[in-house]
Amino acid sequence: MEDNTNEGGGHFIDQIIRSDIASGKHGGRIHTRFPPEPNGFLHIGHSKAIILNFELAAKYGGMTNLRFDDTNPAAEETRFVEGIKEDIRWLGYDWDDREYYASDYFPTLFEYAIKLIKKGKAYVDHSSPEEMSKMRGTPTKPGQESPYRQRSIEDNLELFHRMQAGEFEEGECVLRAKIDMSSPNMHMRDPVMYRILNTPHHRTGTKWKIYPTYDFAHGQSDSIEKITHSLCTLEFENHRPLYEWFIRELEIFPSRQIEFARLNINYTVMSKRKLLQLVKEKHVDGWDDPRMPTLAGMRRRGYTPQAIRNFILKLGIAKRKHIIDLSLLEHTLREDLNNIALRRMVVIDPIRVVISNFPEHHEEAMPADNNPRDPEAGKRTIQFTKELYIERADFMVDPPSKYHRLRPGGFVRLKHGFILQCEHYQQDSEGKIIEVTCKYFPESKSGSDTSGIKVKGVIHWVSAKYGVPIEIRLYDRLFNDENPLGHADRDFLEFLNPDSLKLCTNAIGEPSILEANKQDRYQFLRNGYFVQDTESTPGHLIFNRTVTLRDSWSKKQK
RNA sequence: AGACCCAUAGUGUAAUGGUAGCACUCCGGAUUUUGAUUCCGUCAGUCUAGGUUCAAAUCCUAGUGGGUCUACCA
C-alpha cells in the first residue's frame, strides 16, 4: 500500500495502531480479520472493510484472517462462502491458510457460556420474545428483571445442557447474560447469548441445537484468533461495552473493537437486504447483474480491482457518516481503464456511408495504435473500404451550432481514415436517414495528410465489408434518486431507473474485436469503456459498457 | 427526548495548539486525428455561542443539527 501519509499522520485507526506498536501492546503484533456472514454476496461497501483490514495489517507486518461469521444457520449457505472467497481474491487479497469459521468455535463458545453460568453471570430464561421485549424497557425507562433471573447456578447449568440436548423447542428459552436491566445502553440489559434453532447449519449440520448470537460469538472469535484490532462499522458502537464485558468476565484475550463509517455511494443501495430483494423480485438479473453494486456485478460490468482499491484508498477512513459521489468511483475507474484499455472502433447505431469516388474493390490499410498511452500494446491494421458505417448521431441534416460532425456539404475526418465531404443523403418516408453519400480526399490519409483541409470533427467508423455484428449493453445507474432509501414516505423501488439497461443489437465492430479475450478491457472510441460479458460467445459477441467517457459536448447541449 | 457517536468548500478527506491543504464535481482556458486523454486556472469551507491560551478547526462548557440503540439478525 502506498503510504502517502506524513510521519504521524494517517487516519485515526492507523494512529491507534501506531500508538499501540509504540507502547509495545501485544508485543507490537498487529492482527486483523475480515468477518463476513455468508448470507449473500459482497458489495462495494465490503471492499472498504476488506481493504482496510488487509492493507493496515500488511502495512505493519501483521496478518489478516478471513472468518465467516456463520452463527445463524437460517440465512447462510455454502455457495455464499465460495462467492465471498472469489470476490476477496479478485480484489487481490490473500488470507493464506487462515480461513476460519465462527462455527468452528461452537465447542469453545459453549464452554465460555458454562464459565459465565458458573460465575453467576448467565441464566436460562423461559420468557417469550414478546415478554422479553416488553420487559427490556425503553432507552429512557429501565427494564424489569426476568422472573427467571435468580435461578440457581445448578439449575442454569442443567437447563443449558438440556437446551443443547434438544429438549426444548425453538423459542422456548434462551441463555442470557446477567448484566444490568437498567443500563442506559440497551445492549447491556441482559442480552441473549444463545438461542435454539432447528435449521441445519451449512457446516455443522444438526449437531448443534443452540447457536450463539452475534454478541456472544464475534468478540469471542476475535479473542480466540488473538485479533488485536477488530474493525467494524459504526452501528456496532453501542455493542462495544458488551464486547468488552464478555472479554473481561471470560478473562480472554483482549481484542479491541474500533468502529469506522461504512461506505455509502449515491444512486445505489448498499444494504444486503435490499440487494437480496432486487434479486428475488427480479428487478435485476441476479447478484452479478452489471448494475448491482456487488463485487460480482461490478466485475461483470468491467470494473477493475485496481480501480476499486484506488477508490477506497482515496476515501479515507473516519467516523463521519457520508455519501460518496458516484463520480469519484467513476473517476478512479476511468483513470485505470484509460491506461489499460485497448482502443477499438465500434458503431453502436449504424448508418451506411458510401464513398462515391472510392474505387469499387479498392482497400486501404490503415495502421492504428491499440493504446496511444501504451506503445507496448502494439498496433493493428484496419481496412478502409468504399462502404462503411458511422454512428447515427454523427450525421445531422440540420445540426445545432458548434456541431463538429457530418452534415450535408460538410467535412469530417474518419479516425485512422480519410477526410470525407457529404454529397447527399437518403431518407425514408419518416425522415430517417438511410444512407449518406460522401466523397473522400485521397491525399488526406491519416498520418500522411497533404490535403491541407482542416476539419474540426473526427468520428469513428467501421468497414461494411469487414465489420462484425456485436451486441452492446449500455448500463446506467440503477436508481434515479441520489438516496433511494432516504425517503420515509416512498419505497426505494419507486426510484428504479427504467433506462438502466439499453440493449443495442445492431452494433458493428471492427474485425479485430473477434480476438477479444474475456478479461481484456476496451475503449470503443468515443463510446466508452467496454468489457465482454460473461454470456458472450465467439458466435454472439456481447459487450457491456463499463462506464462512459467524460462528455463535455452533451453536457453543453443541455 | 436516556446513553453513545459525529459536525472542515457541493462531495469526500487532511491539518493532533502555530500559514486551513488535497482529491472529485462544477465552471473557464490551452493542446488534441477520440467533444476523450493531458495541462493550466477560477469558484468554494472550520455548525452556533461562550471559555482557556500569546495563539483554537484542534482543548473545555452549553446549544444546535445529524446518526446509532428498544431481533432469540449480523
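Residues numbered from 1 in each chain as written. Chains lettered and ligands numbered in written order. Predicted model: local features only at pLDDT ≥ 70, side-chain atom pairs only at ≥ 80, totals over all residues. Heavy atoms only, no water.

K.L.:
Would you mind going over the sheet that holds strand E2 (residues 63-68) with me for this structure?
P.N.:
The three strands are arranged E1-E2-E3 in an open sheet whose pairing can be described as parallel. Edge positions in the sheet fall to strand E1 (31-34) and strand E3 (99-101), since each has one partner strand and no second. Averaged over all adjacent pairs, the angle separating strand axes in this sheet is 35°, with direction ignored. Direction of pairing for E2 relative to E3: parallel, over a ladder of three bridges. Bridge pairing in E3 links Leu-66 to Glu-99. Helix H2 (residues 44-59) rests against E1 and E2 of the sheet, and its axis sits at about 160° to E1. Its contacts with the sheet place helix H3 (residues 78-91) against E1, E2 and E3, and it is angled at close to 155° to E2. (Pairing = 2+ DSSP bridges. Helix = DSSP H or I, 4+ residues; strand = E, 2+ residues; numbered from the N terminus. Axes fitted to C-alpha atoms, helices over the stretch in contact; angles between N-to-C directions. Contact = heavy atoms within 4.5 Å.)

K.L.:
Just to check I follow, could you spell out the pairing of strand E16 (residues 411-414) for this structure?
P.N.:
Strand residues, when the strand is regular, have side chains that alternate between the two faces of the sheet. Where E16 lies against strand E17 (residues 419-427), three bridges are found, and the strand directions are antiparallel. Bridge pairing in E17 places Val-412 opposite Leu-420. As consecutive antiparallel partners, E16 and E17 are separated by four residues, and within that stretch His-416 has a phi angle of approximately 55°, a positive value. Pairing between E16 and strand E19 (residues 458-459): two bridges, direction parallel. Bridge pairing links Leu-414 to Ile-459 in E19.

K.L.:
Explanation requested: unusual backbone geometry in the structure shown.
P.N.:
Excluding glycine, most residues fall at negative phi; most peptide bonds, likewise, are trans. Look at Lys-282: it is not a glycine, yet its phi comes out positive at around 60°. Here Lys-282 is to be found in the loop between helix H9 (272-280) and helix H10 (295-301). What makes Lys-282 exposed here is its relative accessible area of 70%. (Buried < 20%, exposed > 50% of the residue type's maximum accessible area, 1.4 Å probe, protein only.)

K.L.:
Can you help me understand the protein's contact with RNA strand B in this one?
P.N.:
Around RNA strand B sit 69 residues, and of these Gln-15, Ser-446, Gln-523, Arg-526 and Lys-555 come closest. Sugar and phosphate atoms form 62% of the subset of RNA strand B atoms that lie within 4 Å of the protein. For RNA strand B, a sugar or linking oxygen lies 3.3 Å from a polar atom in the side chain of Asp-69. Contacts to RNA strand B include Pro-184, whose backbone N or O atom sits 3.3 Å from a base nitrogen. Secondary-structure elements contributing two or more residues to the surface near RNA strand B are helix H5 (129-135), strand E6 (192-196), helix H11 (305-315), helix H12 (326-340) and helix H13 (552-557). For the surface near RNA strand B, the element with the highest residue contribution is H12, accounting for four residues. Considering only residue class, the surface near RNA strand B consists of 21 nonpolar, 26 polar and 22 charged. (Near = heavy atom within 4 Å. Polar contact = N/O pair within 3.5 Å; in protein donor to acceptor, adjacent residues only side chain to side chain. Nonpolar A, V, L, I, M, F, W, Y, C, P; charged D, E, K, R; others polar.)

K.L.:
Is there a simple way to explain the pairing of strand E5 (residues 174-177) in this structure?
P.N.:
Every second residue of E5 is oriented toward a common face, with Val-174 and Arg-176 on one face and Leu-175 and Ala-177 on the other, all of them buried. The pairing of strand E4 (residues 122-125) with E5 spans four bridges and is antiparallel. If you follow Tyr-123 over to E5, its bridge partner there is Arg-176. Examined bridge by bridge, E5 and E6 share three bridges and lie antiparallel to one another. Bridge pairing in E6 places Arg-176 opposite Val-192.

K.L.:
Would you mind going over the sheet that holds strand E23 (residues 521-524) with me for this structure?
P.N.:
Each strand in a sheet pairs with another by means of backbone hydrogen bonds, the pair being arranged parallel or else antiparallel. If you trace the seven strands from one edge of the open sheet to the other, you get E10-E23-E24-E25-E21-E22-E11, paired in mixed fashion. Each edge of the open sheet is held by one strand with a lone partner, namely strand E10 (342-344) and strand E11 (346-347). As paired strands, E10 and E23 are joined by three bridges and run parallel to one another. Considered in E23, the bridge of Arg-344 is made with Phe-524.

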